[in-house]
Amino acid sequence: MGKPKQQTISRFFAPKPPQIPSSASPPSQPKPSPRISATVSFSPSAKRRLQTLTPSPPPKPKKSTPPSPQSPAAIPPSNPFLHRRFLSKLLDLSSPSSSSSSSSSSAAAAKPLPQNPAYTPLEQQVLDLKTKYPDVLLMIEVGYKYRFFGEDAEIAARVLGIFAHVDRNFLTASIPTFRLHFHVRRLVAAGYKVGVVKQTETAAIKAHGSNRLGPFSRGLSALYTRSTIEAAEDMGGARDEGVSISGSNYLACVVEKELVPGSVHLEGRFAVRIGIIAVEVSTGDVVHGEFNDDSIRTGLEAVLISVSPAEILLGEPLSATTEKLLLAYAGPTSNVRVERASRDCYSDGGALAEVISLYEITDDNVLAAVNNTENGDRREEGYNHPTIEVLANNSDGSSEGSLFQVMNHTCTAYGSRLFKHWVTHPLCDRNSISARLDAVSEIAESMGSCKGSQVEMELGVENHSDAFRQSELSEVMSSVLTMLGKSPDVQRGISRIFHRTSTVAEFIGVIHAILISGKQLQKLYVESDAGYGASQQKKVKSALLRRLISTAASPTVMGHAVKLLSSLNKDAADQGDMLNLFVSCTNQFPEIGRGRIAVQLAKEKLDLLIVQYRKQLGVRNLEFMGVSGKTHMIELPADLRVPSNWVKVSSTKRTIRYHPPEVLAALDELLLAREELAVACRTTWDNFLMSFGKYYPQFQAAVQALAALDCLHSLAILSRNENYVRPVFVHDDEPSQIHISSGRHPVLESILGDNFVPNDTELHADGEYCQIVTGPNMGGKSCYIRQVALIAIMAQVGSFVPASLVKMHVLDGIYTRMGASDSIQQGISTFFEELTEASQILHNCSSCSLVIVDELGRGTSTYDGVAIAYATLQYFLKQKKCIVLFVTHYPKILDIQKEFKSSVGAYHVSYLTSQKPLEITESESISSADKLCHKEVTFLYKLVTGASDKSFGLNVAKLAQLPASCIARAAVMAAKLESEVSEHLGSKEGRLIKVSSQNENLDHSSELSEFCKEQEDFADLAKACHKVLFYMMSALNEAEPVNMLCSLKNARDIASKSIDHTGDMLPLSFIPTKRRQ
């Protein structure tokens, strides 16, 4: 199954040697031509097209030239018509686009096929199957191979790298039967819907049936797509082929209905109503929901990210916006298959009628199987935003560096799938969260009980027994989960058993794993002693753990498992012997009993024949023998005469082996009996799997309990290894609040370790519930707000959190507006994306929500961006009153503190600066300074109170390795702009001071006004005063002590020089007394 085979055609391009008579001397060896290779790929459609475009070749010249005896290896003379015919067939057919151009230059072509070719019985079967399944790539069982025909063969040759050739009327390719699962997975991974057509009768049954003269009966036995392959039969080996089997493979169907304006109270922000259902066939999970969505389908996008379907079914008709989103999600790099289907057949209650009719023709087992449904829950909108990297990172989309990857320590594939659901669906009920935390705490304590048991032994026997019980809990859970991790995927295994696609080995492995785990967990399960009216001493204190253990170790499930396994012969299952698989029991499997009796009678009939032949031939020790697969042969000396109707099978120099006609008839009966027994065994196996349906709900509940125990064990490992603390949740009637002491980012801490700088968070609805975070670029602002969100998610999942103390209210959602992105496919700009996400948050958040906004308004001009950011924050604080973390570079946003004095706090991530002169090659006149100073920034990553007016964008430009001249020019422009702004602010401050001094000191104001009117040379003094005021304001707004002292020093120096220069020009009454003296 490597690369396509190639044929060398260099000899057809090589120059022809001159024809020399045989009497002449041998010709010189021609110069070798370069080797040219081409890949052979024939297509019936291309072949017919070429035949119609090219005329028939002229008759061949009857000319024969014998080869020279001196050169036996010489190339015979070639016919140019045959040469062109071969090249047109070899090269032109591989490229449909080039066939028309090349055929015009060809002088001859192959003989055209008849318009209505006579198909063989097999080919007629293929045509019938393709008519029934036109959109399916069919793999048809023919003997010991699976064959592809027509266009399917072209696809298989291209995808699988196998050789395709023309056979009669079709292009065909084939693979061996034992490599079926490998090649099916490759075709499905390429995005095709693959159907497997198997023979429905054997050779022995066909020979004795009505179809003995026709082809083997064949029918579609399996249909594979990306969402169904894990639940299919004979599709094992995913681990061997490097295919991931731990993830989910949902098949999602999306439909929509346009909302009529004015029909319901929608506040004018919803455009359509979306309906979605997602089915995980391999596990039995069903997720469905119906909701209103906005113009860019934000809700649908959140659901798709949460479910992560492997296949999407488009319920047409769909609007252009919805279809664009779904096709963008299932892009070329997403590995998601898309199929279209009309929903007209299910309109006006048609779907309900279809479901009712399904239940009418099925038994109660199906009803029990579909009970595991989950109502559509749109909480993933507020918890699973990609910007906080819950399931995947933002760099390459993998799970590396995500919250899920850090928290996931599960041992089983189904535990990992359930843990992913936990992370994307945090709990919103305080009691449920506390129950999980209690279970995690008990498991974590049991893991560390060995160290504490030595201390407790000195305190008393009671403490020692408690420690022993805790240690037993950890040991039993670890051994059970380790064993399950080495076993097959139990959850998908019971689903395949229910769908009757499980193999015998998988059935025994799955049921045996459930039985062994249940027996081990029964050590922790102690029922109450009803005779004394009091319960025994509990080995497990957590109510959630006790419930999960009792479900996984249920005596009912254990009894069913023992009953199922007792009906099967494990040794025969290991050897793949279906005939001896079932334990002999006439009452339970009567068909198998009758089949075995028929086989036994056929064997006894053969054994009686040998006695007859001993008497007939007079050979007392005559026995049947077998050689090379031939059985029940009679070996006799070559000189011994036998009846003329005996069939000679083989012989040696001294002996001859025969098959008498009675033996051949008896062997035919034995073969037929064995085939009928095999059919009975397969039918019984199918019925045996069907009978599992009545036990499926109990086994599914047991597997779900094992998965939940795996998740709790994973959370306990996380809390024990990373030194996390248990969060505390306040009561629901208390105000919303988040208190975090020494909080750490869970992902970055796993990378940086002790080098990570922790931060505190204090937010309370009755106090300060909004933090405006400023600071330099790359200073840690986004890391801080993501840290708060991830800690809140971990706490509500039921996990311990990376902090020294966490006390919070249960949140109903975490809403984020971070990053800058656009969607060209959907016609959405960056700024429109920002405002749409902000609008979604404004409409959906509540007073119990956490809202995180990072640099809103940067997608437009400065004034528009500031205005929108200010208005959005004001709406959060005034209308919603939710907990807000607002990151911005706009200083104007800080003015909102005047309106909400006690509710808003200004913070910034701290840093240190050191000034270094920056060399500038081009001469620039700068009024504010004679030379520029370049500040080297050292980030401290600590959140402190106060605002920062510096972003240090030039430092980021330097880190990004912009050209030095570009950075220098940017520094000059920044200095100019800062100087202009400072002069503008200074003039405003001067006017304010002038008005204030007039109100406070009328006398001095009148003297100063008279003086200013008389003297026009004080313009320099006014500029100096403006500079002094500017530096004083900078000192007041500066957070760093070094920068503050620098500004005050500059103000003092300017003031001293101005006073010394203009002191003699001031009137005596204006100069202070001390100054006069």
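Use the structure listed above.
Treat the numbers as computed from the prediction; the structure is a model and nothing was measured.

Criteria and cut-off values
For every chain, the first residue of the written sequence is number 1, and numbering continues from 1 along that sequence. With the structure being a predicted model, the display of local features is reserved for residues of pLDDT at least 70 and the display and counting of side-chain atom pairs for 80 or more, all residues being used for whole-chain, interface and lining totals. Values reported for side chains reflect all heavy atoms of the structure, with hydrogen atoms and water molecules removed beforehand. In this description, a nonpolar core means a group of buried Ala, Val, Leu, Ile, Met, Phe, Trp, Tyr and Cys residues linked to one another through side-chain atoms lying within 4.5 Å. Per-residue accessibility, obtained with a 1.4 Å probe over protein chains only, is compared with the maximum for each type, and a residue is labelled buried under 20%, exposed over 50%, and partly exposed between these values. Every helix listed is a DSSP run of H or I at least four residues long, and every strand listed is a run of E at least two residues long, numbered separately from the N terminus. Note that domain bounds follow an automatic or database assignment of domains. Strand pairing is assigned whenever DSSP identifies at least 2 bridges connecting the two strands. Here the term patch refers to residues with relative accessible area over 30% and no salt bridge, with like charges joined within 9 Å and nonpolar side chains (Val, Leu, Ile, Met, Phe, Trp, Tyr) within 5 Å. All accessible-area figures derive from a Shrake-Rupley calculation using a 1.4 Å probe, and residue coverage is judged against the displayed protein chains alone. The term salt bridge refers to a pairing of a side-chain nitrogen on Lys or Arg with a carboxyl oxygen on Asp or Glu at a separation within 4 Å. As a rule, the C-alpha atoms of each element are fitted with a line to give its axis, helices using only the stretch in contact, and angles between N-to-C directions run from 0 to 180 degrees. By the convention used here, residues are in contact when the closest approach between their heavy atoms is within 4.5 Å. Note that His is not counted, nor are the chain ends; the positive residues are Lys and Arg, and the negative ones are Asp and Glu. A charge is said to be at NZ when it belongs to Lys, at CZ for Arg, at CG for Asp and at CD for Glu. Helices are assigned an expected span. That span is 1.5 Å times one less than the residue count. The criterion for a disulfide is a pair of cysteine sulfur atoms lying within 2.5 Å. Counted as a polar contact is a pair of N or O atoms within 3.5 Å, where, for protein atoms, one must be capable of donating a hydrogen and the other of accepting one, and residues adjacent in sequence contribute only when both atoms are in side chains. Under this scheme an angle from 65 to 115 degrees is roughly perpendicular, one under 35 degrees roughly parallel, and one over 145 degrees roughly antiparallel; angles in between are oblique. Crossing handedness is defined as follows: a turn of the near helix away from the far one that is anticlockwise and smaller than a right angle gives a left-handed crossing, while the clockwise case is right-handed. All amino acids are sorted into three groups, where Ala, Val, Leu, Ile, Met, Phe, Trp, Tyr, Cys and Pro are nonpolar, Asp, Glu, Lys and Arg are charged, and the leftover types, Gly among them, are polar. Only centres within 6.5 Å qualify two rings of Phe, Tyr or Trp (six-membered ring in Trp) as a pair; their planes then separate them into stacked at under 30 degrees, edge-to-face at over 60, and tilted for everything else.

Asker: Would you mind showing me how to read the nonpolar core here?
Answerer: Nonpolar side chains in soluble globular proteins tend to be buried together. In this structure, W422, F507, I514, L521, W685, F699 and L712 are the most contacted members of the largest nonpolar core, which totals 131 residues. A per-element tally of this core places helix α25 (residues 696-721) first, with 15 residues. The residue makeup of this core includes at least three contributed by each of domain 2 (590-670) and domain 3 (724-916 + 934-962). With 26 residues, the next largest nonpolar core counts C845, V851, V866 and L877 among its residues.

Asker: How do you make sense of the pairing of strand β16 (residues 630-637) when you look at a structure like this?
Answerer: The pairing of strand β15 (residues 624-627) with β16 spans three bridges and is classified as antiparallel. Paired with V627 across the strands is K630, a residue of β16. Hairpin connection of β15 to β16: two residues between the antiparallel strands, including S628 at a positive phi of 55 degrees. Judged from the four bridges that link them, β16 and strand β18 (residues 655-659) form a sheet pairing that is antiparallel. Bridge pairing links L636 to I656 in β18.

Asker: Could you clarify how one ought to interpret a nonpolar patch on the surface in this entry?
Answerer: A cluster of nonpolar side chains, namely L748, I751 and L752, defines an oily patch on the protein surface of about 270 Å² accessible area. For I751, the location among the structural elements is in helix α26 (residues 746-752). Residue classification places I751 among the exposed residues on the basis of a relative accessible area of 61%.

Asker: What is the right way to read the sheet that holds β16 from this model?
Answerer: Picture the strands of a sheet paired through backbone hydrogen bonds; they go either parallel or antiparallel. What the four strands build is an open sheet, ordered β15-β16-β18-β17; its pairing is antiparallel. In this open sheet, the two strands that pair with only one neighbour each are β15 and β17 (647-651). Averaged over all neighbouring strand pairs, the angle between strand axes comes to 50 degrees, with direction disregarded. One ladder, built from four bridges, connects β17 with β18; its direction is antiparallel. Directly across from K648, in β18, lies its bridge partner Y658. Packed onto the sheet, helix α24 (residues 661-691) meets β15, β16, β17 and β18 and runs at close to 50 degrees relative to β18.

Asker: Explanation requested: the pattern of salt bridges in the structure shown.
Answerer: Where charged atoms of side chains with opposite charge meet at close range, the side chains can pair. Enumeration according to the criterion identifies 23 salt bridges in this entry. When the shortest N-O distance is used, the salt bridge between D489 and R417 registers 3.1 Å. Of this pair, D489 sits in the loop between α17 (461-486) and α18 (490-498) while R417 sits in helix α14 (residues 413-424), placing them 72 residues apart in sequence. Among the residues examined, R417 registers a relative accessible area of 10% and is labelled buried. Between R817 and E837 there is a salt bridge whose closest N-O contact spans 2.7 Å.

Asker: Hey, could you run me through the sheet that holds strand β8 (residues 218-224) in this one?
Answerer: Pairing within the open sheet is mixed, and its six strands lie in the order β5-β6-β4-β3-β7-β8. The open sheet has two edge strands with one neighbour each: β5 (165-167) and β8. Neighbour-to-neighbour, the strand axes of this sheet turn through a mean angle of 40 degrees, independent of strand direction. Looking at chain direction, strand β3 (residues 137-142) and strand β7 (residues 194-199) are connected through four bridges and run parallel. When the sheet's bridge partners are listed, M139 is paired in β7 with V196. In this fold helix α5 (residues 151-160) packs onto β3, β4 (145-149) and β6 (170-176), with an angle of close to 115 degrees to the strand it touches most, β4.

Asker: Just to check I follow, could you spell out a negative patch on the surface for this structure?
Answerer: Residues D429, D732, D733 and E734 make up a contiguous surface patch of negative charge. In this fold, D733 is placed in the loop between β19 (728-729) and β20 (737-743). Judged by its relative accessible area of 71%, D733 is exposed.

Asker: I tried to follow α25 on my own but got confused; where do I start?
Answerer: Counting along an α-helix, one turn takes 3.6 residues, and residues three or four places apart therefore face a common direction. The end-to-end C-alpha distance of α25, which contains 26 residues, comes to 37 Å, matching closely the 38 Å that a straight helix rising 1.5 Å per residue would cover. Summarising burial for α25: 20 of the 26 residues are buried, a large majority. Residue N723 follows α25 closely and has a positive phi angle near 55 degrees.

Asker: Can you walk me through unusual backbone geometry in this structure?
Answerer: In terms of backbone geometry, most residues other than glycine have negative phi values and most peptide bonds are trans. At the junction of E316 and P317, the peptide bond is cis and its omega measures out at 5 degrees in the coordinates. Considering the arrangement of structural elements, one finds P317 in the loop between β12 (311-316) and α9 (320-329). Although it is not a glycine, R168 sits at a positive phi angle of roughly 60 degrees. Looking at where R168 falls in the secondary structure, it is placed in the loop between β5 and β6. Exposure remark for R168: the relative accessible area of 63% places this residue in the exposed category. Even without a glycine there, the phi angle at H632 is positive, about 55 degrees. The residue H632 is located in strand β16 in this model.

Asker: Explain the pairing of strand β25 (residues 849-854) to me, please; I cannot follow it from the model alone.
Answerer: Two faces belong to every sheet, and in a regular strand the side chains alternate between them. The element β25 is largely enclosed, with a buried count of six among its six residues. Neither face of β25 is exposed, since S849, V851 and V853 on one face and L850, I852 and D854 on the opposite face are all buried. Relative to strand β26 (residues 883-887), β25 runs parallel, the two sharing five bridges. From the neighbouring strand, V853 faces β26, where its bridge partner is F886.

Asker: What's the story with the state of the cysteines in this structure? I'm lost.
Answerer: Joining two cysteines, a disulfide is a covalent bond between their sulfur atoms. Following the criterion strictly, the structure yields zero disulfides and no others. With no disulfide of its own, C428 has C848 as its nearest cysteine by sulfur position, at a separation of 10.0 Å.

Asker: Is there a simple way to explain the side chain of S446 in this structure?
Answerer: With respect to the helices and strands, the residue S446 is situated in helix α15 (residues 430-447). Within the structure, S446 has its side chain in polar contact with the backbone oxygen of I443 (distance 2.5 Å).

Asker: How do you make sense of the environment of S495 when you look at a structure like this?
Answerer: Here S495 lies in helix α18. Measuring from C-alpha to C-alpha, the distance between S495 and Y696 comes to 8.5 Å, with 201 residues separating the pair along the chain. With near-sequence residues (within four places) excluded, S495 lies in contact with V281, S282, T283, G284 and Y696. A distance of 3.3 Å separates a polar atom in the side chain of S495 from the backbone oxygen of Q491.

Asker: How should the environment of S951 be read in this particular structure?
Answerer: Locating S951 in the fold gives a position in the loop between β28 (933-945) and α30 (953-959). With near-sequence residues (within four places) excluded, S951 lies in contact with G775, P776, N777 and H889.

Asker: Whenever I open this one, the packing of α14 against α25 confuses me. Can you help?
Answerer: The angle between the axes and the distance between the axes are what describe a pair of packed helices. One can describe the packing of α14 onto α25 by two numbers: an axis separation of 8 Å at closest approach and a directional angle of 70 degrees. As the angle between them shows, α14 and α25 are arranged roughly perpendicular. Crossing angle aside, the handedness with which α14 passes α25 is right-handed. Of α25, the residues touching α14 (which contributes Y414, G415, L418, F419 and W422) are V703, Q704, L706, A707, A708, D710, C711, L712, S714 and L715. Here the contact of α14 with α25 is composed, by residue class, of eleven nonpolar, three polar and one charged.

Asker: Looking at this model, I keep getting lost on the packing of aromatic side chains. Mind explaining?
Answerer: What characterises a pair of aromatic rings is the spacing of the ring centres plus the angle enclosed by the ring planes. By the definition in use, this model includes 15 aromatic pairs. Aromatic side chains F692 and Y696 sit 6.5 Å apart centroid to centroid with 70 degrees between the ring planes, which places their arrangement in the edge-to-face category. With respect to class, F692 is no different from Y696; both count as buried. Among the aromatic residues, those joined into a cluster by ring pairs are F507, F582, F589, W685 and F688.

Asker: Help me understand the side chain of K781 in this model?
Answerer: On the secondary structure map, K781 appears in helix α27 (residues 781-797). Summary of buried charges: K781 has no salt-bridge partner, and the nearest side chain of opposite charge, E855, is 4.9 Å away. Excluding residues within four positions of it along the chain, K781 makes contact with V773, T774, G775, P776, V887, H889 and V909.

Asker: Even after reading the chapter, I still don't get helix α21 (residues 555-566), so can you show me in this structure?
Answerer: The end-to-end C-alpha distance of α21, which contains twelve residues, comes to 16 Å, matching closely the 16 Å that a straight helix rising 1.5 Å per residue would cover. Buried residues along α21 sit against α19 (504-521), α20 (543-552), α24 and α25.

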